[in-house]
Amino acid sequence: MANRRPPPVPTPERLEKAAVRYLERYSAPAEGVRRVLMRAVERAVRAGVAERPAAAAAVDAVVGRLVERGLVDDRRFAEGRAASLARRGLPRVRIAQRLQLSGVDAADVAGALDELAETGIDDPKSAILFARRKRLGPYADPARRAGLRDRHLATMARAGFALELARRVIDAESPEEFDL
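Calculation notes
- Residues numbered from 1 in each chain as written.
- Predicted model: local features only at pLDDT ≥ 70, side-chain atom pairs only at ≥ 80, totals over all residues.
- Heavy atoms only, no water.
- Helix = DSSP H or I, 4+ residues; strand = E, 2+ residues; numbered from the N terminus.
- Contact = heavy atoms within 4.5 Å.
- Core = buried A, V, L, I, M, F, W, Y, C linked by side-chain atoms within 4.5 Å.
- Buried < 20%, exposed > 50% of the residue type's maximum accessible area, 1.4 Å probe, protein only.
- Axes fitted to C-alpha atoms, helices over the stretch in contact; angles between N-to-C directions.
- Parallel < 35°, antiparallel > 145°, perpendicular 65-115°, else oblique.
- Left-handed = near helix turned anticlockwise from the far one by under 90°.
- Nonpolar A, V, L, I, M, F, W, Y, C, P; charged D, E, K, R; others polar.
- Polar contact = N/O pair within 3.5 Å; in protein donor to acceptor, adjacent residues only side chain to side chain.
- Salt bridge = Lys/Arg side-chain N within 4 Å of Asp/Glu carboxyl O.
- Arc of directions from axis to C-beta.
- Expected span 1.5 Å × (residues − 1).

**Re the side chain of His152**
Along the chain, His152 turns up in helix H8 (residues 149-159). Filtering out sequence-adjacent residues up to four positions away, His152 remains in contact with Arg135, Leu136, Gly137, Ala140 and Ile170.

Structural data, given as structure tokens:
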């Protein structure tokens, strides 16, 4: 294996530049930015060019400055991500799980879900969008639909939809039965 040069020392300036570069490409909550920066710190610690406590403190300071400047806004991230996931047809429960896994705190998750409710996107609409996207129930090939009911219900259940809602969507004769 070729000699690799060690990673650069994670100074606050370098960490901030790395965070800004990351945010130029991706939308992320504060915890997501912290995770990215800590991976760089861990590489530097393994190479012996940094001490974990000092570098972790620098990461926290950088993330704090980014939040103060408004470059990182968990609430805005949560609202945008929730809307995106809802358009894909995910139920509220699954949206909340995804946001929590991203590192968004419970208050921002609740706020994002409330914002979704205000826009009129709810679980029945999400279920219909999901069925359309996956070609389930009334969106499936009519010739094969009868034998696939249980599979379609299982797909909806795995996605996180309540059984009764999944049954209503899957058992609909045509998409026109839905009142959107």
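**Here's the deal with the nonpolar core**
One finds Leu15, Val33, Leu37 and Leu66 to be the most contacted residues of the largest nonpolar core, which totals 18 residues. Breaking this core down by element, the ones donating at least two residues are helix H1 (12-25), helix H2 (30-47) and helix H3 (52-69). Once residues within four sequence positions are removed from consideration, Leu15 is found in contact with Pro10, Leu37, Val41, Ala55, Ala58, Val59 and Val62. Ranked by size, the runner-up nonpolar core spans 16 residues in total, among them Ala131, Leu136, Leu165 and Phe178.

**Some details on the packing of helix H4 (residues 74-87) against helix H5 (residues 92-101)**
In a pair of packed helices, the angle between the axes and the distance between the axes together describe the arrangement. Packing of H4 against H5 brings their axes to within 10 Å, and their N-to-C directions diverge by 140 degrees. Put simply, H4 runs oblique to H5. The handedness of the crossing between H4 and H5 comes out as right-handed. Contacts between H4 and H5 involve Phe77, Ala78, Arg81, Ala82, Leu85 and Ala86 from the first element and Ile95, Arg98 and Leu99 from the second. Of the residues in the contact of H4 with H5, the class split is seven nonpolar, no polar and two charged.

**Quick word on the side chain of Thr155**
Among the secondary structure elements, Thr155 is positioned in helix H8. Here Arg158 takes part through its side chain, which lies 3.3 Å from a polar atom of the side chain of Thr155. What Thr155 contacts, discounting residues up to four positions off in sequence, is Phe130 and Leu136.

**Here we look at the pattern of salt bridges**
Per the counting criterion, the structure on display carries 10 salt bridges. A salt bridge links Glu31 to Arg34; its shortest N-O distance comes to 3.3 Å. Here Glu31 pairs with Arg34, and both are found in helix H2, just three residues apart, close to one helical turn. Assessed through its relative accessible area of 27%, Glu31 is described here as partly exposed. By relative accessible area, which is 24% here, Arg34 ends up partly exposed. Where Arg149 meets Asp150, a salt bridge forms, and the shortest distance between an N and an O atom there is 3.9 Å. On the basis of relative accessible area, Arg149 is assigned to the partly exposed category, the value being 31%. Residue Asp150 is classed as exposed on the basis of its relative accessible area of 59%. Among the ionic contacts, a cluster of salt bridges with common partners joins Glu31, Arg34, Arg35 and Asp60.

**Section: the packing of helix H7 (residues 123-134) against helix H9 (residues 163-170)**
Between H7 and H9, the shortest axis-to-axis distance is 10 Å and the interhelical angle comes to 50 degrees. Here H7 lies oblique to H9, going by the angle between them. You can see that H7 and H9 cross each other, and the crossing is right-handed. In contact with Asp123, Pro124, Ala127, Ile128 and Ala131 of H7, H9 contributes Leu165, Arg168 and Val169. A per-class count over the contact of H7 with H9 returns six nonpolar, no polar and two charged.

**Quick word on H9**
Listed as buried for H9 are Leu165, Ala166, Val169 and Ile170. End-on, the buried residues of H9 take up no more than an arc of 125 degrees, which puts them together on one face.

**Observations regarding H1**
In a regular helix each residue adds 1.5 Å, so 14 residues correspond to 20 Å; H1 covers 20 Å between its end C-alpha atoms and thus fits that length. Within the sequence span of H1, burial applies to Leu15, Glu16, Ala19 and Leu23. Along the axis of H1, the buried residues cluster in a sector spanning 100 degrees; they form a single face. Away from its buried face, by an angle of more than 90 degrees, H1 presents the exposed residues Glu13, Lys17, Arg21, Glu24 and Arg25. Among the structural elements, H2 and H3 are those in contact with the buried residues of H1.

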